[in-house]
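Here is how the chains run, residue by residue.
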Amino acid sequence: MHRVVEPAGVLPQAAWRLDPRPEIAANEVRIRVERLNLDAASFRQLFGKHGGDGDAVRAEVLEIISTRGKMQNPVTGSGGMLIGTVEEAGRRSPLGLKAGERVATLVSLTLTPLVVTDGLARWDGLSEQVPCDGWAILFARSIAAVLPEDLDPQLSLAVLDVCGAPALTARVVSRYVAERAGDARPVTVAVIGGAGKSGSLSLAAARQAGAGRTVGVVPVSAERDALVAAGLCDAVVVADARDPVALSTAVTSALEVPADVTVVCVDVPGCEHGAVLATTDGGTVIFFSMATSFSAAALGAEGLAADVTMLVGNGYVPGHAELALGLLRSEPGVRGLFEARLAAD
């Protein structure tokens, strides 16, 4: 809280502005930043606001960071994460990081003091990954992972950005599987946005956790073809996640029953009611999108008389980084989708 400039008394994530000075306290760590990964919902909002003008997107990101001392989109409230090299670790930091280690931060940029010193000169404003120079500060309760040597840093960054999604999906699906031990009914899982980063990892995690039948929902035929080729689920359907009836019909038809677990990984608003409607009574909806309106989700479930548990994916589950990287290494379909996305960017 000593880094909070305003308003006083709140935690760093809720603060409007942080103090990003480079001098560290005894329990802090300073990172030399080399790349940011903007949250997908945040980047989509900025890109849409500026009509695809990369220069304007870059200028606004710079303005946000310089004004707020962190990267937090004022519309979506979300940030992203970063990779860089440890410059200095305080003598009382519990993170176990050492100078010279390349790391990915596993906490949001919305609570990470940040300074950019190169004007984002190497970024065209047209992709979520932002090459840059500057520094960031990690706190005692921050989380970071040393980058694996066997993976390209950009690939690691893309995976670690969403590693909470497959970990929570695996936890929830495993519980359903355990509860149905000896039951002939398969656990059914629907992932909305199944061809994306968090979606593809969540499909792989659901299958690994014992899901009996899975469906990936995508918005366009090109993503359907890519997800079918990846082989990560039993069925792929094209549906507009913002159309509740169409989404529910597509999921139920593909699974032959409503989903026990529905995972929302899209970066557009308005998908709450469809996710609830596609989920069976007693089922669970996991919202990983920062575009989610949680009031719409709660009131929508009430209005539909839907007996579903709704979970907010908070991005942290113990062991989430290791699980996500393990899926990347063991599932060629996941790796192929990630590498294709990076190549397109």
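See the structure shown above.
As the structure is a prediction and not an experimental result, all values here were calculated from the model.

J.: Could you give an account of the overall build of the protein chain, naming the residues involved and the relevant values?
T.: The secondary structure content of the protein chain amounts to 11 helices and 14 strands. Relative to its length of 345 residues, the protein chain is compact, with a C-alpha radius of gyration of 20 Å against a globular reference of 20 Å. If you line up the protein chain on its principal axes, its C-alpha atoms span 60 × 40 × 40 Å. Sorting the 345 residues of the protein chain into buried and exposed places 52% on the buried side. When the accessible surface of the protein chain is split by element, carbon and sulfur atoms take 53% of a total near 14,300 Å².

J.: Quick rundown of the packing of helix 5 (residues 197-208) against helix 11 (residues 332-344)? Include the residues and the values.
T.: Contact geometry for helix 5 and helix 11: axes closest at 10 Å, N-to-C directions at 175°. One way to sum up the angle between helix 5 and helix 11 is to call them roughly antiparallel. Across from Lys197, Ser200, Leu201 and Ala204 in helix 5, the residues of helix 11 making contact are Val334, Leu337, Phe338 and Arg341. Residue classes in the contact of helix 5 with helix 11 are distributed as 5 nonpolar, 1 polar and 2 charged.

J.: Give me empty space enclosed by the protein: which residues, what numbers.
T.: Under the counting rule described, the total for this entry stands at 1 cavity of 30 Å³ or more. Approximately 30 Å³ is the volume attributed to the largest cavity. What lines the largest cavity is simply Asn37, Glu128, Gln129, Ala158, Lys197, Arg341, Leu342 and Asp345. Across the lining of the largest cavity, the residue classes break down as 2 nonpolar, 2 polar and 4 charged.

J.: Tell me about the pattern of salt bridges, residues and numbers included.
T.: Applying the stated rule across the entire model yields 21 salt bridges. A salt bridge links Asp150 to Arg329; the nearest nitrogen and oxygen atoms lie 2.8 Å apart. Taken as a pair, Asp150 in the loop between strand 8 (144-146) and helix 3 (153-160) and Arg329 in helix 10 (residues 320-330) lie far apart in primary sequence, 179 residues in all. Assessed through its relative accessible area of 43%, Arg329 is described here as partly exposed. Linked by salt bridges that have partners in common, Arg30, Arg32, Glu87, Glu88 and Asp133 make up one network.

J.: So what about helix 11? Which residues, and what values?
T.: Between its first and last C-alpha, helix 11 extends 18 Å over 13 residues, near the 18 Å set by a 1.5 Å rise per residue. For helix 11, the set of buried residues is Gly333, Val334, Leu337 and Phe338. Along the axis of helix 11, the buried residues cluster in a sector spanning 135°; they form a single face. Opposite its buried face, helix 11 presents the exposed residues Pro332 and Ala343, each directed more than 90 degrees away. In this structure, the buried residues of helix 11 make contact with helix 3, helix 5, helix 6 (221-230) and helix 10.

J.: With reference to specific residues and values, describe the sheet that holds strand 12 (residues 259-264).
T.: Taking strand neighbours across the sheet as the criterion, the 6 strands line up as 11-10-9-12-13-14 in an open arrangement whose pairing is parallel. Only two strands of the sheet have a single neighbouring strand rather than two, namely strand 11 (235-238) and strand 14 (309-312). Averaged over all pairs of adjacent strands, the angle between strand axes in this sheet comes to 20°, irrespective of strand direction. Sheet topology note: the strand 12/strand 13 (residues 279-287) ladder contains 5 bridges and is parallel. Bridging from a neighbouring strand, Ala259 pairs with Thr279 of strand 13. Across the sheet, helix 7 (residues 244-255) is in contact with strand 9 (188-192), strand 10 (213-218), strand 11 and strand 12; its angle to strand 10 comes to roughly 150°.

Quick notes on the rules
In this convention, every chain numbers its residues from 1, walking through the sequence in written order. Per-residue local features of the predicted model are confined to residues with pLDDT of at least 70, and side-chain atom pairs are confined, for both listing and counting, to 80 or more; whole-chain, interface and lining totals are unaffected and use all residues. Where side-chain values are given, they derive from all heavy atoms of the structure, hydrogens and water being excluded. Secondary structure elements are defined from DSSP: runs of H or I of at least 4 residues count as helices, runs of E of at least 2 residues count as strands, and each element is numbered from the N terminus. Atoms counted for the radius of gyration: C-alpha only. Globule rule: 2.2 Å times residue count to the power 0.38. Classification of residues uses two cut-offs on accessible area relative to the type maximum, computed with a 1.4 Å probe and protein chains only: under 20% is buried, over 50% is exposed, and between them is partly exposed. Accessible surface area values rest on a Shrake-Rupley calculation with a 1.4 Å probe, where residue burial reflects the displayed protein chains alone. The convention used is that axes are lines fitted to C-alpha atoms, helices contributing only their stretch in contact, and that angles between N-to-C directions extend from 0 to 180 degrees. Should an angle lie under 35 degrees it is considered roughly parallel, over 145 roughly antiparallel, and from 65 to 115 roughly perpendicular; all remaining angles are considered oblique. Two residues qualify as a contact provided that any one of their heavy atoms is within 4.5 Å of a heavy atom in the partner residue. Three categories are distinguished: nonpolar for Ala, Val, Leu, Ile, Met, Phe, Trp, Tyr, Cys and Pro, charged for Asp, Glu, Lys and Arg, and polar for the others, with Gly belonging to the last. The rule is simple: put a 1 Å grid over the protein atoms alone, call a set of points where a 1.4 Å probe fits but cannot get out a cavity, call an open set with protein on both sides within 12 Å along at least five of seven lines a pocket, and count a residue as lining if it has an atom within 4 Å of a point. Grid points are joined across faces, edges and corners, and a volume is the space filled by probe spheres set on the points. Each salt bridge in this description consists of a side-chain nitrogen of Lys or Arg and a carboxyl oxygen of Asp or Glu lying within 4 Å of one another. Multiplying 1.5 Å by the helix residue count minus one yields the expected span of that helix. Regarding the arc, it is the one traced by the directions from the helix axis to the C-beta atoms. Two strands form a pair only when DSSP identifies at least two bridges running between them.

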